[in-house]
Amino acid sequence: MNIRNILAVTPNRVMGTIIKRHILAELSDAHVLSINSTAEALQELEHRCYDIVLCSKQMQGFDGLELHDRMRQTELNCRTSFLLLTSSRDPDNLQEIRDAGVEHVQFVPCSQ
């Protein structure tokens, strides 16, 4: 897969900047947009096609699981890869993620 357009959705601007820098270090020709709001991310997903979306589970407003669900309903990104970022390895949390249909999860060492 040739990844070019990446959307990173995190509640913290610093975390978004770190993610963006790490991606660009590996994929220097990628377009990486970092957004701090799931509502704003959803608007972006309705107007631009992405190769992958990275999103924190814990967000203000609606969470990363709801963004995943809403993204699947968009015309442009209904098949876009989605990576959920979470700090919780709690079995109930993992079951909730599986039940939502999220296939890719990355555990992060800290929460907001």
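The notes below deal with the structure included here. (Residues numbered from 1 in each chain as written. Predicted model: local features only at pLDDT ≥ 70, side-chain atom pairs only at ≥ 80, totals over all residues. Heavy atoms only, no water.)

Comments concerning the nonpolar core
The tendency in soluble globular proteins is for nonpolar side chains to be buried as a group.
Okay, so step 1: If you look at the biggest cluster of nonpolar residues, it comprises 18 residues, and the most contacted ones within it are Leu7, Val9, Leu45, Val53, Leu67 and Phe82.
Okay, so step 2: Broken down by secondary-structure element, the contributors of at least two residues to this core are strand 1 (5-9), helix 2 (38-45), strand 3 (52-56), helix 3 (64-71) and strand 4 (81-86).
Okay, so step 3: With sequence-adjacent residues up to four places away left out, Leu45 is seen in contact with Leu7, Tyr50, Val53, Leu67, Met71, Thr74, Leu76 and Asn77.
Okay, so step 4: Ile19, Val32, Ile52 and Leu85 belong to the second largest nonpolar core, which has 10 residues in total. (Core = buried A, V, L, I, M, F, W, Y, C linked by side-chain atoms within 4.5 Å. Buried < 20%, exposed > 50% of the residue type's maximum accessible area, 1.4 Å probe, protein only. Helix = DSSP H or I, 4+ residues; strand = E, 2+ residues; numbered from the N terminus. Contact = heavy atoms within 4.5 Å.)

Overview of the pairing of strand 3
Okay, so step 1: The element strand 3 is extensively covered by neighbouring structure, given that five of its five residues are classed as buried.
Okay, so step 2: Residues Ile52, Leu54 and Ser56 line one face of strand 3 and the alternating positions Val53 and Cys55 line the opposite face, and both faces are buried.
Okay, so step 3: Pairing between strand 1 and strand 3: four bridges, direction parallel. Bridge assignment links Val9 to a residue of strand 3, and that residue is Cys55.
Okay, so step 4: One ladder, built from five bridges, connects strand 3 with strand 4; its direction is parallel. Paired with Leu54 across the bridge in strand 4 is Leu83.
Okay, so step 5: Crossover connection from strand 3 via helix 3 to parallel strand 4: handedness right-handed. (Pairing = 2+ DSSP bridges. Right-handed = clockwise from strand over helix to strand, strands pointing away.)

Some details on the pattern of salt bridges
Okay, so step 1: Tallied over the entire structure, the rule returns three salt bridges.
Okay, so step 2: One salt bridge connects Arg4 with Asp29, and the closest N-O pair in it is separated by 2.9 Å. On the criterion of sequence distance, the pair formed by Arg4 in the segment before strand 1 and Asp29 in the loop between helix 1 (13-26) and strand 2 (31-35) is long-range, its members being 25 residues apart.
Okay, so step 3: For Asp29, a relative accessible area of 47% translates into the label partly exposed. (Salt bridge = Lys/Arg side-chain N within 4 Å of Asp/Glu carboxyl O.)

Here's the deal with the pairing of strand 1
Looking down a regular strand, the side chains alternate between one sheet face and the other.
Okay, so step 1: Burial runs high along strand 1: five of the five residues are buried.
Okay, so step 2: With burial as the criterion, each face of strand 1 is covered, one bearing Asn5, Leu7 and Val9 and the other bearing Ile6 and Ala8.
Okay, so step 3: Pairing geometry for strand 1 and strand 2, over five bridges, is parallel. Along strand 2, the bridge assignment pairs Ala8 with Ser34.
Okay, so step 4: Between strand 1 and its parallel partner strand 2, the chain crosses via helix 1, and the hand of that crossover is right-handed.

Re the packing of helix 2 against helix 3
Okay, so step 1: At a closest axis distance of 10 Å, the pairing of helix 2 and helix 3 adopts a crossing angle of 15 degrees. The orientation of helix 2 relative to helix 3 falls into the category roughly parallel. Two packed elements cross with a definite hand, and for helix 2 against helix 3 that hand is right-handed. Within the contact between the two elements, helix 2 uses Thr38, Ala41, Leu42 and Leu45 and helix 3 uses Leu67, Arg70 and Met71. (Axes fitted to C-alpha atoms, helices over the stretch in contact; angles between N-to-C directions. Parallel < 35°, antiparallel > 145°, perpendicular 65-115°, else oblique. Left-handed = near helix turned anticlockwise from the far one by under 90°.)

Geometry only, nothing functional implied.
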